[in-house]
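Chain by chain, the residues run as shown.
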2 protein chains.
Amino acid sequence: MGNDKYPSKLLESAVEEFSKLPGIGRKTALRLVLHLLRQDQSEVEAFGNAVIQLKKEIKHCTVCHNISDTEVCSICSSPGRTSSAICVVESIRDVMSIENTHQFNGQYHVLGGVISPMDGIGPNELEIDSLVERVRENDTAEVILALSTTMEGDTTNFYIYKKLKNIEVRVTTIARGVSVGGELEYTDELTLGRSIVNRVTYNDTLSQ
Amino acid sequence: MGNDKYPSKLLESAVEEFSKLPGIGRKTALRLVLHLLRQDQSEVEAFGNAVIQLKKEIKHCTVCHNISDTEVCSICSSPGRTSSAICVVESIRDVMSIENTHQFNGQYHVLGGVISPMDGIGPNELEIDSLVERVRENDTAEVILALSTTMEGDTTNFYIYKKLKNIEVRVTTIARGVSVGGELEYTDELTLGRSIVNRVTYNDTLSQ
């Protein structure tokens, strides 16, 4: 579609902007733009302004580095949440995923990625020093590592673990195992192996 | 994902705007918005403004009703194109598809849809009267109907055909048949049937 002749430069540049987005090709971009063209002018302006406003006014929480409208985000400033457990994640999407489970009442720390020398991301590009400082200065009892189980995630886990070694804090990672409802024969060997090694004592609450 | 708690109202409204687009759910919308957040402010503004500008300044060609930056579009005003053949299509995307084939050197007429009583679209909602007027006032030799082969498309074809009946103009439709490279056993019966009824005399140029 690279040689497409658009009947309008305005249309072409809008399609071009949309096709810069991940997973959006030129055909999809054209479909989206033509959809917007059919909407009222006020709606199209609302769309464009929401995007511009977002970039201009968004903040990052000074405590956990999650996206926020305020200096300190709603999770970090919530009196109902305990500051003694900090869950370390890569991105804001992970925060939202864990929040959706309603199983965690502590706070978060958003690293902004994982250590990946291939992509030029070292520890200094991530919010690791601020995590260590945060753990040291507060009465943090537990740091829960919830990063990807990739080589980069494992490297980052180990790096953080070493940095926290001299501080009195329990370091845990989220459980890996067969998914709830998952069948053993369709589970990959690594996961199944981990689920046996890290088996837990059976009790009534587990089957709920 | 409807109950997602976004860490920021600005983020939420941007995600909401994106998820209004066809085929974009909330998860994809969030992915796109977070991608934009990682870009420079100038790029995000270029994105937002391209969309707003498009809606504000786009015109429709007064002759063929295609999208255009000028009063008369580049195809209608091109001296190299014949005005004696008008290809009738539903939308601007069809114009672009036919232009990509480089097989048509005439002009277009964009109806803006097809007659569809179910969706409240009658002949008056479409650019049919302007087509008839255009054919009558110019020395149009041929009107090529290139609408969808749906019930609505067929209805529209027939309606236009009746409207043009009293004007001296040849009305044709694009050929339907087995696609080039297509295998007979995988072609649907209707298409295969039409390809036999509308068979053409074999000559050397067809196999090129």
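Residues numbered from 1 in each chain as written. Chains lettered and ligands numbered in written order. Predicted model: local features only at pLDDT ≥ 70, side-chain atom pairs only at ≥ 80, totals over all residues.

**Some words on the sheet that holds strand β4 (residues 107-110) of chain B**
Residues and elements named next belong to chain B. The test is simple: If DSSP finds at least two bridges between two strands, the strands pair. Where helices and strands are cited, they refer to DSSP runs of H or I of at least four residues and of E of at least two residues respectively, numbered from the N terminus. The angle between two axes is taken between their N-to-C directions and runs from 0 to 180 degrees, where each axis is a line fitted to C-alpha atoms and a helix contributes only its stretch in contact.
Taking strand neighbours across the sheet as the criterion, the four strands line up as β4-β3-β5-β6 in an open arrangement whose pairing is parallel. With partners counted over all chains shown, the strands left at the sheet margins are β4 and β6 (170-173), one partner each. When strand polarity is set aside, the average angle formed by the axes of neighbouring strands in this sheet is 25°.

**Some thoughts on the domain arrangement of chain A**
Keep this limit in mind: Here the bounds of each domain stem from an automatic or database domain assignment.
Domain parsing of chain A yields domain 1 (9-57) and domain 2 (67-174). The C-alpha centroid of domain 2 of chain A is placed 34 Å from the C-alpha centroid of domain 1 of chain A.

**Here's the deal with helix α2 (residues 26-37) of chain B**
The test is simple: Expected span of a helix, by definition, is 1.5 Å for each gap between consecutive residues, and there is one gap fewer than residues. Contacts here follow a simple rule: the backbone-placed C-beta atoms of the two residues must lie within 7 Å.
End to end, α2(B) covers 16 Å across twelve residues, agreeing with the expected 16 Å (1.5 Å per residue, within 8%). Where α2(B) is buried, its residues meet α3 (41-57) and α4 (92-101) of chain A together with α1 (9-19) of chain B.

**Regarding the relation of the copies chain A and chain B**
Using the following cut-off: Only residues with pLDDT of at least 70 in both copies contribute their C-alpha atoms to the least-squares superposition of the copies.
You can overlay chain A on chain B at an RMSD of 0.0 Å; the transform is a turn of 180° with a shift of 0.0 Å along its axis. The two molecules are tied by a two-fold rotation axis, judged by turn and shift. When each C-alpha of chain A is compared by its distance to the rotation axis, Gly48(A) comes out closest, at 2.1 Å.

**Brief notes about the interface of chain A and chain B**
Put simply, the rule reads: In this classification, Asp, Glu, Lys and Arg are treated as charged, Ala, Val, Leu, Ile, Met, Phe, Trp, Tyr, Cys and Pro as nonpolar, and every other residue, Gly included, as polar.
If you look at the interface, chain A gives 47 residues, while chain B gives 47 residues. Contributions of two or more residues to the side of chain A that touches chain B are made by α1 (9-19), α2 (26-37), α3, β2 (67-68) and α4 of chain A. Sort the elements by how many residues they give to the side of chain A that touches chain B and α3(A) lands first, with 15 residues. Of the residues assigned to the side of chain A that touches chain B, the class counts are 24 nonpolar, eleven polar and twelve charged.

**Remarks on the nonpolar core**
Put simply, the rule reads: Nonpolar core, as used here: buried Ala, Val, Leu, Ile, Met, Phe, Trp, Tyr and Cys residues forming one set through C-beta atoms within 7 Å. Partly exposed residues are those falling between the two cut-offs: more than 12 but fewer than 20 other C-beta atoms within 10 Å of their own, whereas 20 or more means buried and 12 or fewer means exposed, with C-beta atoms placed from the backbone.
Core analysis: the largest hydrophobic core is formed by 88 residues, its most contacted members being Ala14(A), Val88(A), Ala14(B) and Val88(B). Every residue in contact with Val88(A), bar those within four places of it in the chain, is listed here: His109(A), Leu111(A), Leu131(A), Val143(A), Ile144(A), Leu145(A), Ala146(A), Leu147(A) and Ile160(A).

**Describing the sheet that holds strand β6 (residues 170-173) of chain A**
Two pairing modes exist for strands in a sheet, parallel and antiparallel, and in both the strands are linked by backbone hydrogen bonds. Residue and element names in this part refer to chain A. Strand order in this open sheet of four strands is β4-β3-β5-β6, and the pairing throughout is parallel. The two strands at the open ends of the sheet, each matched to only one other strand, are β4 (107-110) and β6. Taken over all neighbouring pairs, the strand axes of this sheet differ in orientation by 25° on average, direction set aside. Sheet topology places strand β5 (residues 142-145) next to β6; four bridges connect them, and they run parallel. In the sheet register, Val-143 faces β6, and the bridge partner there is Val-171.

**What about the environment of His60(A)?**
By the element assignment, His60(A) lies in strand β1 (residues 59-60). Spatially, the C-alpha atom of His60(A) lies 7.9 Å from that of Cys73(A), the residues being 13 residues apart in sequence.

**Comments concerning the pairing of β4(B)**
Residues and elements named next belong to chain B. To keep it simple, the criterion reads: Looking down the strands as they point away from the viewer, one classifies a crossover as right-handed if the path from the first strand across the helix to the second runs clockwise.
By the alternation rule, side chains of β4 split into Gln-107 and His-109 and Tyr-108 and Val-110, which are all buried. Sheet topology places strand β3 (residues 85-89) next to β4; four bridges connect them, and they run parallel. Looking across to β4, one finds that Val-88 is bridged to His-109. Note that the unit made of β3, helix α4 (residues 92-101) and β4 has a crossover that is right-handed.

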